[in-house]
Amino acid sequence: MRILIANGPNLSQLGHRAPDVYGTATMADIVAAVRRVHDDIDDFITESEGELITRLHRARTDGTAAVVINAGALTHYSYALRDAIELIDLPTVEVHLSQIAARETFRHGSVISAVVDVTITGAGAYGYELAVLAARHLVAARHGAR
Ligand code: DQA
């Protein structure tokens, strides 16, 4: 089973970016930690909304079983991303390192939440491991294993 971890704008700057909010691990550290537990991870990171959407389109046909996505600030306003998640129709877990509901008002809303299966916020880097576990569960459920 291939699980895609897709990261959007500014997540490449983890480690340097607001460590009090996001922690000190880089995205490479986070993906490496997930890979120590799960051997079937594909990862993708981009600063671009279009590239993120194009990668999701590819996930529909390249054997990806589920998607874990941290869309960064696109979360809060990208209807194009929302449409892409909806149309690929794969089990999808939204993850945020920080507890977005406890931050600035503009971060409280997610335009993608309505089209994902699970949302994990505020667990820091560990949220990615939780998200992959949830993604596995969703795939099993969709294929009638539970
Ligand atoms: C984030 C929260 C977003 O509001 C922010 O724009 C990010 C990171 C998180 O992981 O907590 O880039 O998605």
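Above this text is the structure in question.
Quick look at the structure, then.

About the criteria used
Residues numbered from 1 in each chain as written. Predicted model: local features only at pLDDT ≥ 70, side-chain atom pairs only at ≥ 80, totals over all residues. Heavy atoms only, no water. Core = buried A, V, L, I, M, F, W, Y, C linked by side-chain atoms within 4.5 Å. Buried < 20%, exposed > 50% of the residue type's maximum accessible area, 1.4 Å probe, protein only. Helix = DSSP H or I, 4+ residues; strand = E, 2+ residues; numbered from the N terminus. Near = heavy atom within 4 Å. Polar contact = N/O pair within 3.5 Å; in protein donor to acceptor, adjacent residues only side chain to side chain. Areas by Shrake-Rupley, 256 points an atom, 1.4 Å probe, with all protein chains shown as cover. Nonpolar A, V, L, I, M, F, W, Y, C, P; charged D, E, K, R; others polar.

Below, the discussion takes up the nonpolar core. Within soluble globular proteins, side chains that are nonpolar generally end up buried alongside one another. Among the nonpolar cores identified, the biggest contains 24 residues, and Val68, Val93 and Tyr128 are the most heavily contacted of them. Contributions of two or more residues to this core are made by β1 (2-7), α2 (27-37), β3 (64-70), β4 (92-96) and α5 (126-142). With seven residues, α5 is the largest single contributor of residues to this core. With 19 residues, the next largest nonpolar core counts Ala6, Leu81, Ile88 and Val116 among its residues.

Right, let's talk about the site of the ligand for a bit. Close to the ligand lie Arg17, Tyr22, Asn70, Gly72, Ala73, His76, His96, Leu97, Ser98, Ile100 and Arg107. Within the side chain of asparagine 70, one N or O atom sits 2.8 Å away from an oxygen atom of the ligand. Serine 98 is positioned such that a nitrogen or oxygen atom in its side chain is 2.6 Å from an oxygen atom of the ligand. About the coverage of the ligand: the protein hides 99% of its 320 Å² of free accessible area. Broken down by class, the residue content of the shell around the ligand amounts to four nonpolar, five polar and two charged.

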